[in-house]
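# Secondary and tertiary structure notes
One letter stands for each residue in the lines below.
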Amino acid sequence: MSRHPLVVIVLAQLFGTSLWFSVNGVGLSLAADLGLTDVDLGRLTLAVQAGFILGALGLAASGLTDRFRASHLFAAASLAGALVNAGFVLAAPEPALALLLRFATGLCLAGIYPLGMKLVIGWTPKHTGAALAWLVGMLTLGTALPHLLRGATLGLPWQWPLLGASGLALAGGALVLALGDGPHLPPPGGRARMREGLAALRDARFRAVAGGYFGHCWELYAVWTLTPFLVGREIARLTASPALIPWLAFGVIALGAVGCVLGGRLSRRLGSLPVARGALVASGLICLVYPLLAEASPWLLLTLLGVWGLTVIADSPQFSALAAANAPRAHVGSTLAVMNAIGFSLTLPGIWLTTALWASQGPWAVWWLLPGPALGLWALRRSSPRDKPA
């Protein structure tokens, strides 16, 4: 298994992150069976994001990411996440308990995503941008996977795809536990704390990377949350079967995996910084023009959605690679956890605004996401971060 560590890690990431949007994948069924509204589904997504933020901050504050083996933390988080996600099957009719369990799912995901990045750095220190592109590509597929599971189980109870995601998370944890940590990380046992993770923000080059990543985060998860709504609007305009919605939503989000891999290949020739900037420009332009084309052909808008899905995540692995290259090597885990926590805190207003305004504004709600790409690009102009590890 250690002969192909990147394959093992990215598969584990795919399986583990299927928990993230597991409820969104069955959102239409929950609306029909339990009467949940778009706002209710938005709250469930916000609960996951809030849990992830608190979990990432907790990992950074406690120093667990640098004090214990990444593979052990990843496996434990996968097991806990699988159990909590399965518990939602019973708790869904109870709003308060459902929100609590989605929050707990986010806590568990904080032990999967950042630790997956650390495992990649530990096993493949060269061409980190390309390696992380595969990892974030699997996160993207993991995000899309619930829609695929729902499309494949239409006609069956909505509980099936949720339990399927829990089973995948268990498999992901087992894969990483069998693989172990890589040989290129400092041994565990340090006393890193949140202040070490925050210390990197004093460096202008790291702040530039973090600023670009924060702008990217404002846009990304709101786009993924809105994807079923945007697809459903065009399906309704085409008077096509609603059964197509989960399949097309999966396709739009899953295209991001292709964007990540293509961006990773480009980063080996051009470097991570130009790729990150280019993807941020492309997704920002689509965010700008999409509402202006709201009454154009549904086929055109579905195509534009596909391009958006391709570009909106392509910069994420490059920002992670740039962060790893500009962070203190002894505290990479804490630094990435802090950056993730701050970035994901910025997903909350984007998701809240767009889901709350969707009913009244429709596609025009996506204009509230424009500040993210714009401010991210502005931050990257202020400094020139290292594009390779020092």
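Structure: see above.
This text gives an overview of the structure that appears in the document.

Scoring rules and cut-offs
- Residues numbered from 1 in each chain as written.
- Predicted model: local features only at pLDDT ≥ 70, side-chain atom pairs only at ≥ 80, totals over all residues.
- Heavy atoms only, no water.
- Helix = DSSP H or I, 4+ residues; strand = E, 2+ residues; numbered from the N terminus.
- Buried < 20%, exposed > 50% of the residue type's maximum accessible area, 1.4 Å probe, protein only.
- Contact = heavy atoms within 4.5 Å.
- Areas by Shrake-Rupley, 256 points an atom, 1.4 Å probe, with all protein chains shown as cover.
- Patch = residues over 30% accessible without salt bridge, like charges linked within 9 Å, V, L, I, M, F, W, Y side chains within 5 Å.
- Salt bridge = Lys/Arg side-chain N within 4 Å of Asp/Glu carboxyl O.
- Axes fitted to C-alpha atoms, helices over the stretch in contact; angles between N-to-C directions.
- Parallel < 35°, antiparallel > 145°, perpendicular 65-115°, else oblique.
- Nonpolar A, V, L, I, M, F, W, Y, C, P; charged D, E, K, R; others polar.
- Phe/Tyr/Trp six-rings, centres within 6.5 Å; stacked < 30°, edge-to-face > 60°.
- Left-handed = near helix turned anticlockwise from the far one by under 90°.
- Core = buried A, V, L, I, M, F, W, Y, C linked by side-chain atoms within 4.5 Å.
- Expected span 1.5 Å × (residues − 1).
- Arc of directions from axis to C-beta.
- Polar contact = N/O pair within 3.5 Å; in protein donor to acceptor, adjacent residues only side chain to side chain.

Quick look at the overall build of the protein chain now. Along the protein chain, the regular secondary structure elements total 19 helices and 0 strands. Out of the 390 residues belonging to the protein chain, those deemed buried represent 60%. Here the analysis covers contacts within the protein chain between residues at least 6 apart in sequence; of these, 86% occur between residues at least 24 apart. For the protein chain, the computed accessible surface area is about 14,800 Å², with 69% contributed by carbon and sulfur atoms.

What follows covers a nonpolar patch on the surface. Taken together, the side chains of V281, L285, L288, L292, L293, L300, W364 and W367 make up a nonpolar region of the molecular surface, amounting to roughly 690 Å² of accessible area. Per-element accounting of the nonpolar patch gives the leading share, 3 residues, to helix α14 (residues 272-289). As for its position among the elements, L285 is in helix α14.

The subject of this paragraph is the packing of helix α4 (residues 38-62) against helix α18 (residues 347-361). Following both chains from N to C, one finds α4 and α18 inclined at 180 degrees, their axes separated by 9 Å at the closest point. Compared by their axis directions, α4 and α18 come out roughly antiparallel. Judged by residue contacts, D38, V39, G42, T45, L46, Q49, A50 and I53 of α4 engage T347, L348, I351, W352, T355 and W358 from α18. Class assignment for the residues of the contact of α4 with α18 results in 8 nonpolar, 5 polar and 1 charged.

The next thing to look at is the packing of aromatic side chains. In this description, an aromatic ring pair is defined by two values, namely the gap between the centres and the angle between the planes. All chains considered together, the criterion is met by 15 aromatic pairs. With centroids separated by 6.3 Å and ring planes inclined at 70 degrees, the aromatic side chains of W20 and Y113 adopt a geometry described as edge-to-face. Taken as a pair, W20 in the loop between α1 (5-16) and α2 (22-25) and Y113 in helix α8 (residues 113-123) lie far apart in primary sequence, 93 residues in all. Measuring from centroid to centroid gives 6.4 Å for F21 and W224, while their planes differ by 90 degrees, and the two rings are edge-to-face. Of the two residues, F21 is situated in the loop between α1 and α2 and W224 in helix α12 (residues 204-237); the sequence distance between them amounts to 203 residues. Taken together, the aromatic side chains of W20, F21, F52, Y113, Y221, W224 and F344 make up a single cluster linked through ring pairs.

On to the packing of helix α13 (residues 244-270) against helix α15 (residues 298-311). Remark: α13 packs on α15, axes separated minimally by 6 Å, with the N-to-C direction vectors making an angle of 45 degrees. Judged by the inter-axis angle, α13 sits oblique to α15. Remark: the crossing between α13 and α15 carries right-handed chirality. Here V252, L255, G256, V258 and G259 of α13 lie close against α15, whose contacting residues are L305, G306, G309 and L310.

What follows deals with the environment of A77. On the secondary structure map, A77 appears in helix α6 (residues 70-91). Separated by 33 residues in sequence, A77 and A110 place their C-alpha atoms 7.9 Å apart. Ignoring sequence-local partners within four residues, the contact set of A77 consists of C108, G111 and I112.

Here we come to the environment of L6. Mapped onto the secondary structure, L6 falls in helix α1. When the C-alpha atoms of L6 and V120 are compared, they prove to be 6.7 Å apart, with 114 residues separating the residues in sequence. The contact partners of L6, leaving out residues within four places of it in the chain, are V120, T124, A131 and W134.

Counting 94 residues, the largest nonpolar core has W20, Y221, W224 and W308 as its most contacted members. The dominant element in this core, judged by the number of residues it contributes, is α12, at 17 residues. Residues contacting W224, with those up to four places away along its chain left out, are F21, L139, T140, T143, I253, V312 and I313. Core analysis: the next-biggest nonpolar cluster, separate from the first, contains 12 residues, L36, L44, V89 and A92 among them.

Looking now at α18. Between the first and last C-alpha of α18 there are 20 Å, a value that for 15 residues agrees with the 21 Å anticipated at 1.5 Å per step. Taken residue by residue, α18 has T347, G350, I351, L353, T354, T355 and W358 as its buried positions. At the C-terminal side of α18, G362 shows a positive phi close to 60 degrees.

A positive phi angle is found at T239, which is not glycine, with a value near 50 degrees. Among the secondary structure elements, T239 is positioned in the loop between α12 and α13. The class for T239 is exposed, based on a relative accessible area of 72%.

With that settled, the discussion passes to the side chain of Q13. Positionally, Q13 belongs in helix α1. Look at Q13 and you get buried, because its relative accessible area is 0%. Those residues within four positions of Q13 in sequence are excluded, and the remaining contacts are F74, I112, Y113, G116, L135, M138 and L139.

On to α14, then. In this model α14 runs 26 Å from its N-terminal to its C-terminal C-alpha over 18 residues, within 8% of the 26 Å that 1.5 Å per residue would give. Of the residues making up α14, those classed as buried are S272, L273, V275, A276, A279, L280, S283, G284, I286 and C287. Projection of α14 onto a plane perpendicular to its axis shows the buried side chains occupying an angular sector of 165 degrees, all on one side.

Time to look at the side chain of R233. Along the polypeptide, R233 turns up in helix α12. Among the residues examined, R233 registers a relative accessible area of 18% and is labelled buried. Engagement of the side chain of R233 in a polar contact is seen with the backbone oxygen of A294, the distance being 3.1 Å. Ignoring anything within four residues of it in the chain, the contact list for R233 reads A294, E295, L301, W358 and P363.

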